[in-house]
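Chain by chain, the residues run as shown.
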Amino acid sequence: VLGWRVAAAVTWSLVLLPVCTAAFIVLSGLHLLHPVRWISNSFNDLYTSYVIFCILLMSVVLIVISIFNVEFYAVVPSIPCSRLALIGKIIHPQQVIHSFVHAVMGMLVAWCATVMTKGRFQFLAVSCTPSESLDDAVPQTCLNEYHLFFLLSGTFLGYSYSLFYLINNMNYLPFPIIQQYKYLRFRRSLPLLIKHSCVESVYFVRNFFVAYYFFGYIPKVWICTTMDLHIDSKLHPLDTLSGLLDLSLFYHTWLCGVFLLMTWYIAWLLFKIYATETHHFPVQPTFAEETDQCLPKILNSNPPLLIKFLALQDLMLLSQYSPVRRQEVFSLSQPGGHPHNWTAISRECLSLLSDLTQRLIAQQEAAAANGRAKQPVGELKVPPQTPGAVGTEDVSFQSQRSNVVLRATMSPLVKPSLMPLKTSPGSDIGSPFTSPALNCKKGVVDVNSSWHGPLQSPLVMRRGPKLWTSVSDHQMNGSHHESFPVLSAAKAGSEAVQPKFIYTWLQNKQEQIKNFLSRRALIMYFFSKHPEASIQAVFSDAQMHIWALEGLSHLVAASFTEDQFGVVQTTLPAILNTLLTLQEVVDRHFKLPHVSSKPSRVSGSLVDTSYKTLRFALRASLKTALYRITTVFGEHLNAVQVSTEHKKRLQQFLEYKE
Amino acid sequence: AGCPVRAFAWHPHTNKFAVALLDDSIRVYNSNSATVPSLKHRLQRNVASMAWKPLCASILAVACQSCVLVWHLDPTSLSTRPSSGCAQVLSYPGHSPVTSLAWAPSGERLLSASPVDTAMLVWDVSTENCVQLQWFGGGGVTYLAWSPDGSKVLAATPSAVFRVWEAQMWTCERWPTIRGRCQTGCWSPDGSRLLFTVLGESVIYSLSFSEYRGEMQGQVGGSKTASIVADLSETTFETLYGDERIGGEVHSMVWDPTGERLAVIIRGHPDSPGSQTAIAVFRTRNSPVFELLPCGFVRGERAAQPQIIAFHPCFPRGALLTVCWSSGKISHIPFFFVSAHVPLASPHRSPVPVVAS
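Since we're looking at a predicted model, the values are computed, not measured.

What counts, and at which threshold
- Residues numbered from 1 in each chain as written.
- Chains lettered and ligands numbered in written order.
- Predicted model: local features only at pLDDT ≥ 70, side-chain atom pairs only at ≥ 80, totals over all residues.
- Heavy atoms only, no water.
- Helix = DSSP H or I, 4+ residues; strand = E, 2+ residues; numbered from the N terminus.
- Buried < 20%, exposed > 50% of the residue type's maximum accessible area, 1.4 Å probe, protein only.
- Contact = heavy atoms within 4.5 Å.
- Areas by Shrake-Rupley, 256 points an atom, 1.4 Å probe, with all protein chains shown as cover.
- Lys, Arg positive; Asp, Glu negative; His and termini not counted.
- Charge placed at Lys NZ, Arg CZ, Asp CG, Glu CD.
- Domains from an automatic or database assignment.
- Buried area = accessible area lost by both parts, 1.4 Å probe.
- Salt bridge = Lys/Arg side-chain N within 4 Å of Asp/Glu carboxyl O.
- Polar contact = N/O pair within 3.5 Å; in protein donor to acceptor, adjacent residues only side chain to side chain.
- Nonpolar A, V, L, I, M, F, W, Y, C, P; charged D, E, K, R; others polar.
- UniProt positions renumbered as here; feature names shortened; annotations may be inferred.
- Phe/Tyr/Trp six-rings, centres within 6.5 Å; stacked < 30°, edge-to-face > 60°.
- Lys NZ or Arg CZ within 6 Å of the ring centre and 35° of its normal.
- Pairing = 2+ DSSP bridges.
- Axes fitted to C-alpha atoms, helices over the stretch in contact; angles between N-to-C directions.
- Parallel < 35°, antiparallel > 145°, perpendicular 65-115°, else oblique.
- Left-handed = near helix turned anticlockwise from the far one by under 90°.
- pLDDT = per-residue confidence, 0-100.
- Core = buried A, V, L, I, M, F, W, Y, C linked by side-chain atoms within 4.5 Å.

Before going further, it helps to examine the overall build of chain B. Broken down by element type, chain B carries zero helices and 29 strands. If one aligns the C-alpha atoms of chain B with their principal axes, the spans along those axes are about 55 × 50 × 50 Å. Here chain B, with 357 residues, has 56% of them falling under the buried criterion. Of the contacts formed within chain B by residues at least 6 apart in sequence, a portion of 43% connects residues at least 24 apart. Accessible surface, chain B: about 15,000 Å² in total, of which carbon and sulfur atoms supply 53%. If you average the places of the 27 positive and of the 25 negative side-chain charges in chain B, the two averages end up 5 Å apart.

Have a look at this one:
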């Protein structure tokens, strides 16, 4: 799926390239006093061979850039939680390669620009202006500093683009809030893109000027010595103020920057538009070989994250707009009469939602355990949100990590919040799709209660999560957070009967080191987690859950009239339980500090920051989903088997009092 | 002009309504509680329209001079002055004054439009993101109406053109009218018929759309021409009290959510003496054929003109028409009838006919 889309996006960006090049040539030959000559010269230039060659070279550049876009995209943004994480991200080898290649590409583009601009920029080495003295009869070749300036500016622009890409999370693919045809989306974003390129180019060129002023002599000297050129003493050297205050130089560099940024941004925008377009997944495969591509199968297996996102988006759209496909979802299999499609879809959606519930509960427990200090919420188990790592999270909602989490948080200070968690597995047993997780979870509870025996000091328990947080802080973001808690869980498990004083001595030592280091302000500066960023990191893949909620609730609402076999009714208790539990947990989560404050919004920027407010969208769509179900079913909901606590909440929803 | 009530909105699921007054405050009246919260905000000026969010307890969107205010009210609170912290401000440069609002019937998106902006904004309220839907020519939007099944949106412009957008891929159809701008319009409950009127003409037009099946993406599916279904030009009725002249242009029109009653404010000709503004009520049916039969007239006290009319979205025993008069009174007029369709709580789904035995 993605391959075809990428090819289409690259083709379109290549088609638009000559248009941009033509505009560049026209604008670079700017001659306000002789407009007719300017226009005719520009049009003549458009057909020359070196322009064609430049266009071909730029196409190669664009293809390379697109390859990098494809390699680096992510549907779940990776949000660095602390400054050290941010620095780590920048130094990461993948990012270094990205920056290096972009710098080289920038240089190539700048070289093309110099060729097309002609004039004084064109060649690296020109013959020096003849000096008056009769000693040097032999003309020497001098360094054309303007050309070098251009090439270096290209490199700098490429590197800045790459840095900006990283910091603004431009590899994140936001899905649009309304569906539109691709052409309309592109046309709508184009003016913004042009404006953004111009403004950004000004900033980058200004920074480059400053950098060249201070460091410009280094490459100059290096090129001169390697290529045996001389510095022309007659002309002003460019790394002085008088050299740099050249308006025409600034204009040409800026124009080159705009050209570069615009072509790269167009490639990126087209990739974004193509990749986030909806894909139609068949619900019921008509041919045997299509079975792998049908919606229930895809949702249940573990596809690459983009495919899963597209599948969920398709589910949301079909549940709202397509009665034919809804019928396929509600249909029974032949023979046997099993509602495979519905079972698969609802199981996947519910497991997604339960996973989110658990994650939020874990974070709330960690926040409660870490306590009263004003320090930002420490996270017990935040996996690095790179595309690779997120895959492991989606395996099942019962993973080793959640074992550890439950163990750590089953301390005496556990609030009754975990009670709904225990009852929902209980009600799940009755439902047709029991997950094998339940047995394991029961096992965890037993081991934990036995563990309570030997090590009962609540002080140790209380300190447990905090220490794990700090130690995982020390390990930074490079290593997996999972490995350490798992290790210690295994260690603790085996040590359950060993004497506890070794354990406490170790903990004390770690505590001392941590206290010592935390007094060093510099280290805390790097290690302290930005609260807003940590909150965003928890909700970074909430888009999946929002779609699952919408799709599920629309299907349930539609089933009131369209479900002929009653396949939805048997799963209604489970659905309601999951939704109500999630709603409670989300409401409680929003009472934590910083969670309900909205980050400031910058409208009209090309950079998409919608991932910052995903949690609000999740809360709103959760409420709407619940209301949708209660509005359609009305009083019939009283006949559904749910726990009394949930019944009370449902009554609130029925009376529109939530 | 001169009416103290600026805008009126019924809550889609409960017995609650909001009234916007001339002093830029909004009062929320609830039949279940005696407290009347009064909403005030410094940005709430020149309120033109209000809309409650569907599938929600109490979120009210208010179209103000410079922005759209979304009030998140607590349905169980007893305070009479909710703080202005409950209001979310949605503003976009160049998009003011906002005069029309429409929520999607599935409750997720809010459309806002302004007569000076040639772009409608589709808001995702919780993330405060918006998407601009731009078109060329025709000016801004003077009237917005979303069909109850969620598939189409009517956007009337100040020029002699109105557009019907389909809400899945957001493409639009342009409908030029002959003489004037589209004054008002309303949708049938299943979204298959649009009744609209044109400024300067005293007829009601009907435009039918093909049944929305979900397979035709990107097509609005409107029929080729609109047909005239009712002629409301001035006629004289002989009553016990003498001759009454009623008829003229249509000021506003609303259709009740069961599709059975249509209420129209008819403004008499200002020049001719004795003509008055009255509300005409029609009995309508949309399936199997469209039928429009006159049912009666509603008149208020002497010298009170009807300004705003609205039907209650979920009146269980027929239809409830609310009229805001120019004297500042709000009256509710019930119509008791047995509907031919099963009344459903969510008005945006097509009604299922009851099988007679």
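Counting secondary structure elements, chain A contains 27 helices and two strands. Per-residue burial for chain A yields a buried fraction of 53% across its 658 residues. Pairs at least 24 apart in sequence give 81% of the contacts found in chain A among residues at least 6 apart. For chain A, the accessible area works out to roughly 30,300 Å², and carbon and sulfur atoms hold 65% of it.

Further remarks concern the domain arrangement of chain A. All names here are of chain A. Partitioning chain A into structural domains gives domain 1 (1-129 + 140-276) and domain 2 (311-369 + 531-598 + 605-655). Listed per partner, the contact involves 18 residues of domain 1 and 17 residues of domain 2. Of the roughly 1,600 Å² buried between domain 1 and domain 2 on both sides combined, carbon and sulfur atoms contribute 70%. Together, I79, Y172 and F175 form the three largest contributors to the area buried by domain 1 at its contact with domain 2, with a combined 31%. Remark: the boundary between domain 1 and domain 2 carries zero salt bridges. Taken together, the links from domain 1 to domain 2 amount to zero residue pairs in polar contact (both at pLDDT 80 or more). For the side of domain 1 that touches domain 2, the secondary-structure elements that each account for two or more residues are α7 (182-215) and α10 (247-275). With three residues, the single largest contributor to the side of domain 1 that touches domain 2 is α7. The class makeup of the residues in the side of domain 1 that touches domain 2 is 13 nonpolar, five polar and no charged.

The next thing to look at is the UniProt feature "transmembrane region" (unreviewed entry) in chain A. Residues and elements named next belong to chain A. Mapped onto this numbering, the UniProt entry annotates "transmembrane region" (unreviewed entry) at residues 46-75, 96-116, 146-167, 192-215 and 249-271. Between the end C-alpha atoms of residues 96-116 the distance is 30 Å, and the span holds 100% helix and 0% strand. Here residues 192-215 runs as 100% helix and 0% strand, with 34 Å between its end C-alpha atoms.

This part takes up the side chain of S621 of chain A. Examined against the element boundaries, S621 of chain A turns out to sit in helix α26 (residues 614-633). Once residues lying within four places of it in the same chain are set aside, the contact partners of S621 of chain A are I546, L549 and E550 of chain A.

Here we take up the packing of aromatic side chains. In total, this model carries 29 aromatic pairs over all chains according to the counting rule given. With a centroid separation of 6.3 Å and 35° between ring planes, the pair formed by Y251 of chain A and W254 of chain A is classed as tilted. With Y251 of chain A and W254 of chain A both in helix α10, this residue pair falls three residues apart, about one helical turn. A connected cluster of aromatic rings, assembled from ring pairs, spans Y161, Y165, W264, Y265 and W268 of chain A. Sitting over the ring of F590 of chain A, R619 of chain A keeps its end group 4.1 Å from the ring centre. Taking the ring centre of F337 of chain B as reference, the NZ or CZ of R261 of chain B above it sits at 4.2 Å.

In this section: the side chain of T157 of chain B. Residue and element names in this part refer to chain B. By secondary structure assignment, the location of T157 is in the loop between β14 (152-156) and β15 (161-166). Note on T157: relative accessible area 1%, which makes it buried. Among the polar contacts made by the side chain of T157, one reaches the main-chain carbonyl oxygen of V161 at a distance of 2.5 Å. Residues contacting T157, with those up to four places away along its chain left out, are G138, G139, G140, V141, T142, R163 and R181.

Right, let's get into unusual backbone geometry. Excluding glycine, residues mostly carry a negative phi; peptide bonds, for their part, are mostly trans. Residue S96 of chain B is joined to P97 of chain B through a cis peptide bond whose omega torsion reads -5°. Mapped onto the fold, P97 of chain B is located in the loop between β8 (87-90) and β9 (100-103). Non-glycine residue Y656 of chain A carries a positive phi angle of around 60°. Relative to the elements of secondary structure, Y656 of chain A occurs in the segment after α27 (644-654). Even without being a glycine, D24 of chain B presents a positive backbone phi close to 65°. The topology assignment puts D24 of chain B in the loop between β2 (16-21) and β3 (26-30). Of the residues examined, D24 of chain B reaches a relative accessible area of 18% and is grouped as buried.

Let's shift gears to the interface of chain A and chain B. Listed as interface residues are 33 residues of chain A and, on the opposing side, 40 residues of chain B. Carbon and sulfur atoms supply 59% of the area that chain A and chain B bury against each other, a total of about 3,400 Å² over both sides. Taken together, the connections running from chain A to chain B amount to one salt bridge. Where chain A touches chain B, the interface holds three residue pairs in polar contact (both at pLDDT 80 or more).

Further remarks concern the sheet that holds strand β20 (residues 227-231) of chain B. Through backbone hydrogen bonds, the strands of a sheet pair up, either in parallel or in antiparallel fashion. Residue and element names in this part refer to chain B. If you walk across this open sheet you meet the four strands as β17-β18-β19-β20, and the pairing is antiparallel. Where the open sheet ends on each side, the last strands, each with one partner, are β17 (182-187) and β20. With direction set aside, neighbouring strand axes in the sheet form an average angle of 30°. Bridge analysis of β17 against strand β18 (residues 193-198) gives five bridges, and the strand direction is antiparallel. Within β18, the residue paired with C186 across the bridge is L195.

Below, the discussion takes up the packing of helix α1 (residues 2-28) of chain A against helix α3 (residues 49-72) of chain A. Residues and elements named next belong to chain A. The geometry of α1 relative to α3 is characterised by a closest axis approach of 10 Å and an angle of 140° between their N-to-C directions. By the angle between their axes, α1 is oblique relative to α3. Pair α1 / α3 crosses with right-handed handedness. Contacts between α1 and α3 pair V6, V10, S13, L14, L17, P18, T21 and I25 from the former with V51, I55, M58, S59, L62, I63, S66 and V70 from the latter.

As enumerated under the stated definition, the model contains 12 salt bridges over all chains in all. The partner of R649 of chain A in a salt bridge is E584 of chain A, with the nearest N and O atoms 4.0 Å apart. Taken together, the residues R649 of chain A in helix α27 and E584 of chain A in helix α25 (residues 572-589) connect sequence positions 65 residues apart. Exposure class is identical for R649 of chain A and E584 of chain A. Each is buried. We note a salt bridge from D24 of chain B to R6 of chain B, for which the minimum N-O separation is 3.0 Å.

Of all six residues in strand β27 (residues 306-311) of chain B, six are buried; the element is thus mostly enclosed. Linkage of β27 of chain B to strand β28 (residues 318-325) of chain B, two consecutive antiparallel strands, is achieved through a turn of six residues.

To continue, consider the packing of helix α12 (residues 305-321) of chain A against helix α24 (residues 542-562) of chain A. All names here are of chain A. Running from N to C, α12 and α24 point in directions that differ by 30°, and their axes come no closer than 8 Å. Classified by the angle between their axes, α12 and α24 sit roughly parallel to one another. Of the two possible hands of crossing, α12 and α24 adopt the one that is left-handed. Between α12, through K308, F309, L312, Q313, L315, M316, S319 and Q320, and α24, the contact on the second element is made entirely by Q543, M544, W547, A548, E550, G551, H554 and L555. Partitioned by chemical class, the residues of the contact of α12 with α24 number eight nonpolar, six polar and two charged.

Turning to the confidence of the model for chain B, a few remarks are in order. Residues shown with low pLDDT carry predicted positions that ought not to be read at fine detail. Residues and elements named next belong to chain B. Across chain B, pLDDT averages 83, with 90% of residues at or above 70. Per-element confidence in chain B is highest for strand β5 (residues 49-52), whose mean pLDDT is 93, and lowest for strand β21 (residues 235-239), whose mean pLDDT is 76. Under a pLDDT of 50 for its full length, residues 343-357 has, in the predicted model, 25 contacts with residues more than four places off or in other chains. The ipTM value of the predicted complex is 0.87, and its pTM value is 0.76.

This brings us to the nonpolar core. All names here are of chain A. If you look at the biggest cluster of nonpolar residues, it comprises 89 residues, and the most contacted ones within it are L295, L312, V329, W342, V556, L576 and L579. A per-element tally of this core places α12 first, with 12 residues. Two domains each donate at least three residues to this core, and these are domain 1 (1-129 + 140-276) and domain 2 (311-369 + 531-598 + 605-655). Leaving out residues up to four positions away in the same chain, L579 has contacts with L353, L549, L622, L626 and I629.

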